[in-house]
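Report on the structure
Spelled out, the chains give:
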Amino acid sequence: MFESLIGLVAIIALFVIISRQQSRIGLIERELGALRSLVLSGMPALPLQAKEPAANDSKPADAAIPLAAAADLASPGTAAVASATEAEADTAAPSAPESALPAAAAKPARQSDVETALGTRWAVWVGGIALALGGLFLIRYTIEAGIFGPRVRLAMAAALGLVLVAGGEFIRRTGFRVPVQGAAGAYIPAILTAAGAFILFGTVYAAYSIYGFIGPTLAFTLLGAIGVATIAASLVHGQALAGVGLLGAMVTPLLVASQAPNPWALFGYLAIVLVATGVIARIRDWRPLMAAAFVATGIWTIFYMTEAPGTNLSVILFIDGVTLAVLAFVWLGRRDEAVAGSGFDWPSIAPGFFVGLSALALFVDPAFAAIRGALPGAALVAALVAVALYRPRALALLHAAGLATVLVYLGIIPPTTIASDFSGGALGVDGMPVVASDALMLRVGIVLGLVFIGLGFWAARRFAAHGWLRAATWAAWSAVAPLVILLALWSTFGNLDRDLAYAPVAAVLVGVFAAGGEWIARGEAPPLTGGAAVSFALGGAAIAGLLMLHMAFGSGWTTILLGAAAAVPALATRWRSYPVLGWISVGAVIAVLGRAAFDPTIVGAEFLSKTPVFNWLLLGYGVPALAFGFAAWQLARTTNDRPRLAMEAGAALFCLLTVAMLVRHAMHGGVIDTAAATLAEQAIYTLIAIGAGAILVAIDMRSPSPVLRYGSIAAGVVSVAFIVLQHFLALNPLLTDESTGSIPVFNLLFLAYLLPAVAAGALALYSRHKRPQWYAAMLAVVAAVLAFAYATLSVRRLFKGEFIGLWSGLGQLETYTYSALWLVIGVVLLTAGVWLKSQVLRIASAALISIAVLKVFVFDMSELEGVLRALSFIGLGAVLIGIGLFYQRLLTRAAREVN
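It should be emphasised that the depicted structure is a prediction, and the values quoted were computed from it without experimental measurement. Within any chain, residue numbers begin from 1 and follow the written order of that chain's sequence. The predicted nature of this model means local features are confined to residues of pLDDT at least 70 and side-chain atom pairs, given and counted, to a pLDDT of 80 or more, with totals for whole chains, interfaces and linings taken over all residues. Based on all heavy atoms of the structure, the side-chain values leave hydrogens and waters out of the count.

1. Structural notes on the environment of F803
Examined against the element boundaries, F803 turns out to sit in the loop between helix 29 (773–800) and helix 30 (812–836). Buried residues are those whose accessible area, probed at 1.4 Å on protein chains only, stays under 20% of the maximum for their type, while exposed residues exceed 50% and partly exposed ones sit between those limits. Under the relative-accessibility criterion, F803 is labelled partly exposed at 44%. Residues F803 and S742 lie 61 residues apart in sequence; the distance between their C-alpha atoms is 9.8 Å. Once residues within four sequence positions are removed from consideration, F803 is found in contact with D737, E738 and S739. Secondary structure elements are defined from DSSP: runs of H or I of at least 4 residues count as helices, runs of E of at least 2 residues count as strands, and each element is numbered from the N terminus. The contact criterion used is simple: two residues touch if any of their non-hydrogen atoms lie within 4.5 Å.

Have a look at this one:
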């Protein structure tokens, strides 16, 4: 079993080694291709300048390290020797005569990559692995053969480990360097030291776990000392050795078991390892090593927290505090930043994630919530924000603090509570209330809101002039976190219908966010440009204003006042040209539209009066329409950008909605939310869809946009689908026998067929040469069919009255009237097609006249009698002859114009 494991490890190592050479082989192929191209092109190769040694240098010339190879050396200990050799070679080169350069000396400065790999890296790597495994095999052999006792075997293994470490140090001190480019990864002193550390780890662990020669305290101390010493040795041997030492140090607590574990001893040890790693990583600027140390410490912290309720909160706060201190004062300490707050430190993501996760667990886990873990959790969140402010490169800590706060306070809203069970070793989401949802959360929320607002706006102002992204991030969290806290506390402890206790808090946030945005804007360069940070602050003020209106007023007044409030930011553009102001007005349009979609009655069906026109619908839809129109007018005078176009669209849409809802209210006797679909209701929706298509076309013509273009086409297609499926099929009064109304002209047929026909025709005419040809043709055909349906159904209503269902039969005079009507409509369409030069209308005319001819010859001949039959054929003949004469004249005139 052990030999199989060794073989597997060897195979994996060889696979990694071979994979690393693929890129180098590819590089050789590209270089050979480039050299071949140079040879074929006839370009003379540049002569290689050989560097001869100085006169007093006894070393051979080929011992000088090329600049590229010296840059690749991993050993800091050889840097001075390499630099000195380069300096000597560079000094001697000018004095060497060109004639002293023999042809044989013009060799490539670097050997073949394959030869380098075989002769240096592979041999060294496999040799290091062999040394480490050899020590283990020696111990295993002495055990099986019984040659030495356990103490002697362990002493031999320890001696081998120390010899390897000493050998690595000896080779390093004797001036070891790699005079071959590309062999820096095969730094022999580091590999020998790593093999020795590996053997020493195994020896101490065997003495403790297998033989019991030493106790857990001594084993823990020795293993930790070996790990820390290995990390310290990496200062002269490279980052890979530091990784070996860190791995051993972090695994040590798992290897050493204790009957009475002491968390303070464990995390005190982890703190020492973290500090030592941080110091070394900071000296060498080893980001992967620092990130690994943070991750390992965080995993230990989370693993310890799964032992709740036996977890000691002081220990958690201690190790999290040490983590943040190492980040702030060790890893990020004394860094030279050309501009304050520039750059991003990616290793800080790890402490941000794990400390934020610890804070989240202290809030929401029932075991910690029962012992008031919200207070230390809030302290960790505040510490994350403070460190992010102190060290601007650690911006990840701000995101961690913000996300933890948002998750915590969204979790206290029933029934969307976020709860975890760290005591069971899992983090999940369920719908049960959290124990922490009490008055303590109220006080903690107030404190955290003040922390985010105070530090957030101060940092946003600090970075506004030279770091817009960082300033925007701080401003965003300073608005998002307090708003989520307010929303969560109000939803949990307040009155969702109307709450005058929380409304003043929201009003205060409106003022604070607006003042904060203005304060940030004054710190911009140039001032008052209204960048992203200002946009987030003023956007937070807008959302707080929305919450304030909903908290302070009922649903009806909230909709009306919210619509009227859209004019406020537009009006503010007279004094400030912040781009966000126009978009806040657009946000008000979206909010009012969503509010109307949620409750079309504005105040609720039970409070909506049955009085036509003068009711809540007129205010709920009319006031926002007026406010949106004023905002569009104001924006046109100041910014004149896309928000102005959106406000114009919103004003037009709400004008249509106002008319549509008032008509529906009047037609249904004061009820607009009936479940049964009616043709009148569908007609209103169709008119709105056609109107929306026209509005989008108009806006797109003034400010072209693919969204507006395809949106207008989609609106037209949807309106046509409504007409075909609902007006002609599902809700056609000819098929449903629905009442068409008692009013002669302004009845259901007028609303459902004539108005959509006029609207579709107007849109077809307006969209000509602005949209694809098929789009205008489709609308024109639909308009013609609607007009035909209106005329036909009106005749039907004239003969049958209010109910025009098919099953009521046909009279002879009614049948004749249809023929005459269709012929007249056909002639009108033909005239309109010629006048408008529309082939679609002329084709529609031909189709309708063909239908009339078919009806006369098939239906009228069998159904009509006497004078009506004769008049039907006489009228048909006269119309057809007239159409023939008309086309003859038209073609004759066209021929004359051509000639």
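2. Quick word on the nonpolar core
For our purposes a nonpolar core is just a set of buried Ala, Val, Leu, Ile, Met, Phe, Trp, Tyr and Cys residues, chained together by side-chain atoms within 4.5 Å. Core analysis: the biggest nonpolar cluster contains 111 residues, and F363, Y409, W474 and F513 have the highest contact counts within it. Aside from chain neighbours lying at most four places away, what touches Y409 is M441, V444, G445, L448, V484, I485, A488 and L489. Of all hydrophobic cores here, the second largest spans 29 residues; its members include L549, L617, A625 and L635.

3. Let's talk about the environment of S703
In this fold, S703 is placed in the loop between helix 25 (679–702) and helix 26 (706–730). Sequence-wise, S703 and L645 are 58 residues apart; in three dimensions their C-alpha atoms are separated by 8.0 Å. When sequence neighbours within four positions are dropped, the list of residues in contact with S703 reads R642, L645 and L708.

4. Section: the environment of L735
Of note, L735 is situated in helix 27 (residues 733–736). Taking the C-alpha atoms as reference points, L735 and I804, separated by 69 residues in sequence, lie 8.5 Å from one another. Not counting chain neighbours up to four residues away, the residues in contact with L735 comprise F728, L729, L806 and W807.

5. Digging into a nonpolar patch on the surface
Residues with no salt bridge and a relative accessible area higher than 30% make up the patches, which join like charges within 9 Å and nonpolar side chains (Val, Leu, Ile, Met, Phe, Trp, Tyr) within 5 Å. Residue exposure ignores everything except the shown protein chains as possible cover, and the areas themselves are Shrake-Rupley values with a 1.4 Å probe. Basic side-chain nitrogens of Lys or Arg form a salt bridge, by our definition, when they fall within 4 Å of a carboxyl oxygen of Asp or Glu. A surface patch of nonpolar side chains, about 360 Å² in accessible area, is lined by L442, I446, L450 and F493. If one sorts the elements of the nonpolar patch by residue count, helix 16 (residues 439–463) sits on top with three residues. Within the element layout of this structure, I446 appears in helix 16. The class for I446 is partly exposed, based on a relative accessible area of 48%.

6. Considerations on empty space enclosed by the protein
The method works on a 1 Å grid over the protein atoms by themselves. A cavity is a set of points holding a 1.4 Å probe that cannot get out, a pocket is an open set with protein on both sides within 12 Å along at least five of seven lines, and residues with an atom within 4 Å of a point line them. Grid points are joined across faces, edges and corners, and a volume is the space filled by probe spheres set on the points. Counted under the stated rule, the structure contains two cavities of 30 Å³ or more. Quantified by volume, the largest cavity comes out at close to 50 Å³. The wall of the largest cavity is formed by F294, T297, G298, T301, D320, T323, A350, P351, F354 and V355. Of all elements in the fold, only helix 10 (287–305), helix 11 (313–331) and helix 12 (349–364) reach the threshold of two or more residues within the lining of the largest cavity.

7. Description of unusual backbone geometry
At the junction of A525 and P526, the peptide bond is cis and its omega measures out at -5° in the coordinates. If you trace the backbone, P526 turns up in the loop between helix 18 (503–522) and helix 19 (532–552). Despite not being glycine, D285 has its phi angle at roughly 60°, a positive value. Mapped onto the elements, D285 comes out in the loop between helix 9 (263–284) and helix 10. Here the phi dihedral of I602 falls at roughly 70°; this positive angle occurs in a residue that is not glycine. A relative accessible area of 0% places I602 in the buried class.

8. Concerning helix 18
The span you would expect from a helix comes to 1.5 Å times its residue count less one. Between its first and last C-alpha atoms helix 18 spans 29 Å; for 20 residues at 1.5 Å apiece the expected length is 28 Å, and the two agree. The set of residues buried in helix 18 consists of A503, A506, L509, F513, G516, G517, I520 and A521. Taken end-on, helix 18 shows its buried residues confined to a sector of 140°, consistent with a single buried face. Buried residues in helix 18 make contact with helix 16, helix 17 (468–493) and helix 19. What the arc measures is the spread of directions leading from the helix axis to the C-beta atoms.

9. Here we look at the packing of aromatic side chains
The pairing test for Phe, Tyr and Trp rings, Trp by its six-membered ring, is centres within 6.5 Å, and the orientation test on the planes gives stacked under 30 degrees, edge-to-face over 60, and tilted for anything in between. One pass over the full model with this rule turns up 13 aromatic pairs. Between F628 and F654 the ring centres are 5.2 Å apart and the planes differ by 80°, which places this aromatic pair in the edge-to-face class. In this pair, F628 sits in helix 23 (residues 616–637) while F654 sits in helix 24 (residues 642–667), placing the two residues 26 residues apart along the sequence. On the accessibility criterion, F654 (0% relative accessible area) is buried. Their ring planes at 90° and their centres at 6.0 Å tell us that W774 and Y775 sit as a pair that is edge-to-face. For W774, a relative accessible area of 47% corresponds to the partly exposed category.

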